[in-house]
Every structure is written in structure tokens, then in C-alpha cells.
Amino acid sequence: QVKRGFTKNREIRHKVVITCRYVAVLLASILKAKGIPCRVRSGFTSYFTNDRRCFDHWIIEYYNESENRWIACDPDSDSGKDHTDMPHKNFSWIFMLLWAMRYLIYLCLAILMMIMNF
């Protein structure tokens, strides 16, 4: 008989690989099913290590009506820290990075267009 439930020593064929994206989407789905406004966000963070290296990561934000604000929450516990109401400065949103890099993107597109004689 196959042992079911949470066991540490499963055979590889019985293991499931879960990423931060799956955890964030699952929690957002649960919150939305409960009527709590929320959204999944992707970006970069450096709180997994002490050397300030950034890693891509997915988190959620839920809307707290009594405080009238969006609260960032990291449902992935790999960092070992409490991120139930983390400051937005702990997370670099993708759109902010792209906005900051827009001139570099424009320059690259202009050079590409010159090379291709557009």
C-alpha cells in the first residue's frame, strides 16, 4: 500500500515541485473565494540572502478595507522571515524596473532600427 499524506522521504516520482508562483496563485484564489480583494504580483527581492542579491519572486497583495490600503504578503516561507505585512520597499515591482529602464530600452530599439535601416 502506498503511504499518503505529508511524508519527507518520498520517491522522486511521487514528489511535487512547487514554486513561489504556485503558492501565490493558490493563496490569491483562496482569498478571492472568501471575498477578499487580492492580486498576485511578480518582481524581484533580496531578502532571501544577506548579500543583497536579487531573485525573481511572486507575492500577493490583499486589500484591507478597514485600513484602506493594499498589504503586501509573501506566502512563501522559504525566507524564514515574517512577511505578512511587509513594506513595499522590500520588493521591486517589475513595472517599476521596466519604467526605470525605459530609456535604455528606447536606446536599444533605436540602435536596432538604425542597424536594420528602418
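This is a predicted model, so every value here is computed, not measured.

**Observations concerning the pattern of salt bridges**
Tallying each qualifying case throughout the model produces 3 salt bridges. R39 is paired through a salt bridge with E61; the nearest N and O atoms lie 2.7 Å apart. Here R39 is found in strand β1 (residues 38-45), whereas its partner E61 is found in strand β2 (residues 55-64), with 22 residues between them in sequence. Judged by relative accessible area, R39 falls into the partly exposed class, the value being 32%. Between R69 and E67 there is a salt bridge, with its nearest N and O atoms 2.6 Å apart. Residue R69 is classed as partly exposed on the basis of its relative accessible area, which comes to 31%. With a relative accessible area of 43%, E67 lands in the partly exposed category.

**Here we look at unusual backbone geometry**
Positioned with a positive phi, N68 is a non-glycine residue whose angle comes to about 55°. Position of N68 among the secondary structure elements: in the loop between β2 and β3 (69-73). By relative accessible area, N68 is classed as exposed at 57%.

**Here's the deal with the packing of aromatic side chains**
Enumeration over the complete set of coordinates arrives at 1 aromatic pair. The ring of W70 carries R39 above its face, with NZ or CZ at 3.8 Å from the centroid.

**Quick look at the pairing of β2**
Both β1 and β2 contribute to a ladder of 8 bridges, which runs antiparallel. Within β2, the residue paired with T45 across the bridge is F55. With 5 bridges joining them, β2 and β3 adopt antiparallel strand pairing. Across the sheet, residue Y62 finds its bridge partner in β3, namely I71. Taking the residues between adjacent antiparallel strands as the criterion, β2 and β3 are bridged by 4 residues, where N68 takes a positive phi near 55°.

About the thresholds
- Residues numbered from 1 in each chain as written.
- Predicted model: local features only at pLDDT ≥ 70, side-chain atom pairs only at ≥ 80, totals over all residues.
- Heavy atoms only, no water.
- Salt bridge = Lys/Arg side-chain N within 4 Å of Asp/Glu carboxyl O.
- Helix = DSSP H or I, 4+ residues; strand = E, 2+ residues; numbered from the N terminus.
- Buried < 20%, exposed > 50% of the residue type's maximum accessible area, 1.4 Å probe, protein only.
- Phe/Tyr/Trp six-rings, centres within 6.5 Å; stacked < 30°, edge-to-face > 60°.
- Lys NZ or Arg CZ within 6 Å of the ring centre and 35° of its normal.
- Pairing = 2+ DSSP bridges.

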